[in-house]
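# Topology and contacts: notes
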Amino acid sequence: MPRHFGVLIPSTNTTVEMVILAQTSASLFAEDYDDVVTKRMSVGAGVPAITSAQAVGRAVRALGARRVAIVSPYSDAVNERAARYFETKHGLDTIALEGFRATDAYAIGQLGPQHARDAFARINRPEIEAFVVPGGNFPTMSSVASWEREFKKPVVTTNQASIWAMLRAFDSADRLPAFGRLLAEVPADAP
């Protein structure tokens, strides 16, 4: 059974070096959301900030992919926003899109990773260079490496991309190969 934890850090904590908002869908509803929110977070915390949607877009590009399939727990309307966001903000071309129409965060958390794997099998085709799996509450990280072996292409998830962004920001030598190519290689941002 997977275990979960949350971290609350008091405002007096001086060890935070970066802040990541792991709520991908929030970035999809306002054109300037990432800029406004990361500026507020950075000013408030006194450290760099990023949203998970930014991390996902940057991570896909760092892996050298541009043509993606989005498999998400979201509704059709939110998926369309995701495709538009990743195209306009990160230059990604969405080749295929499939969602599970979860109605709230609790429903997302109840979805199993098999949902994503089955969706990959339905929509996979040669022109897809990477699978994007947004949704920080969609429990997928432990399956990423096996999906990449099965489908022979990288998979980028919200939580995985957030960890990648932190490792890049800290110029860390740490690698986490059990969680897919992105965390095994920790590639640099694409130009």
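This structure is a prediction, so every number in the text was calculated from the model and none was measured.

All right, on to the overall build of the chain then. Of regular secondary structure, the chain possesses eight helices and six strands. When the helices and strands of the chain are read in sequence order from the N terminus, they spell out β-α-β-α-β-α-β-α-α-β-α-β-α-α. Over its C-alpha trace the chain gives a radius of gyration of 16 Å, about what one expects of a compact globule, namely 16 Å for 191 residues. Principal-axis analysis of the C-alpha atoms places the extent of the chain at approximately 50 × 40 × 35 Å. In the chain, which comprises 191 residues, the proportion classed as buried is 44%. In the chain, once contacts between residues fewer than 6 apart in sequence are set aside, the share between residues at least 24 apart is 69%.

Further remarks concern the sheet that holds strand β6 (residues 155–157). Each strand in a sheet pairs with another by means of backbone hydrogen bonds, the pair being arranged parallel or else antiparallel. Ordered in space as β4-β3-β5-β6, the four strands form an open sheet in which the pairing is parallel. Taken across any chain shown, the strands that pair with only one partner, and hence form the sheet edges, are β4 (93–99) and β6. Adjacent strand axes in the sheet meet at a mean angle of 20 degrees when their direction is disregarded. By the bridge criterion, three bridges tie strand β5 (residues 130–133) to β6 in an arrangement that is parallel. When the sheet's bridge partners are listed, F131 is paired in β6 with V155. Along the sheet, helix α2 (residues 52–62) makes contact with β3 (67–72), β5 and β6, crossing β6 at roughly 165 degrees.

On to the pairing of β4. Pairing geometry for β3 and β4, over six bridges, is parallel. When the sheet's bridge partners are listed, A69 is paired in β4 with A96. For the segment spanning β3, helix α3 (residues 76–90) and β4, crossover handedness is right-handed.

Here helix α1 (residues 33–45) spans 18 Å end to end across 13 residues, near enough to the 18 Å set by a 1.5 Å rise per residue. Along α1, the residues classified as buried are D34, V37, T38 and M41. Down the axis of α1, the sector holding all buried residues measures 95 degrees, keeping them to one side. Residues of α1 that are exposed and angled more than 90 degrees away from the buried face: D35, K39, R40, V43 and G44. Buried residues in α1 make contact with β1 (19–21), β2 (49–51), α2 and α3. G46, located one to two residues past α1, shows a positive phi value of around 75 degrees.

Conventions adopted
- Residues numbered from 1 in each chain as written.
- Predicted model: local features only at pLDDT ≥ 70, side-chain atom pairs only at ≥ 80, totals over all residues.
- Heavy atoms only, no water.
- Helix = DSSP H or I, 4+ residues; strand = E, 2+ residues; numbered from the N terminus.
- Rg over C-alpha atoms; globule rule 2.2 N^0.38 Å.
- Buried < 20%, exposed > 50% of the residue type's maximum accessible area, 1.4 Å probe, protein only.
- Contact = heavy atoms within 4.5 Å.
- Pairing = 2+ DSSP bridges.
- Axes fitted to C-alpha atoms, helices over the stretch in contact; angles between N-to-C directions.
- Right-handed = clockwise from strand over helix to strand, strands pointing away.
- Expected span 1.5 Å × (residues − 1).
- Arc of directions from axis to C-beta.

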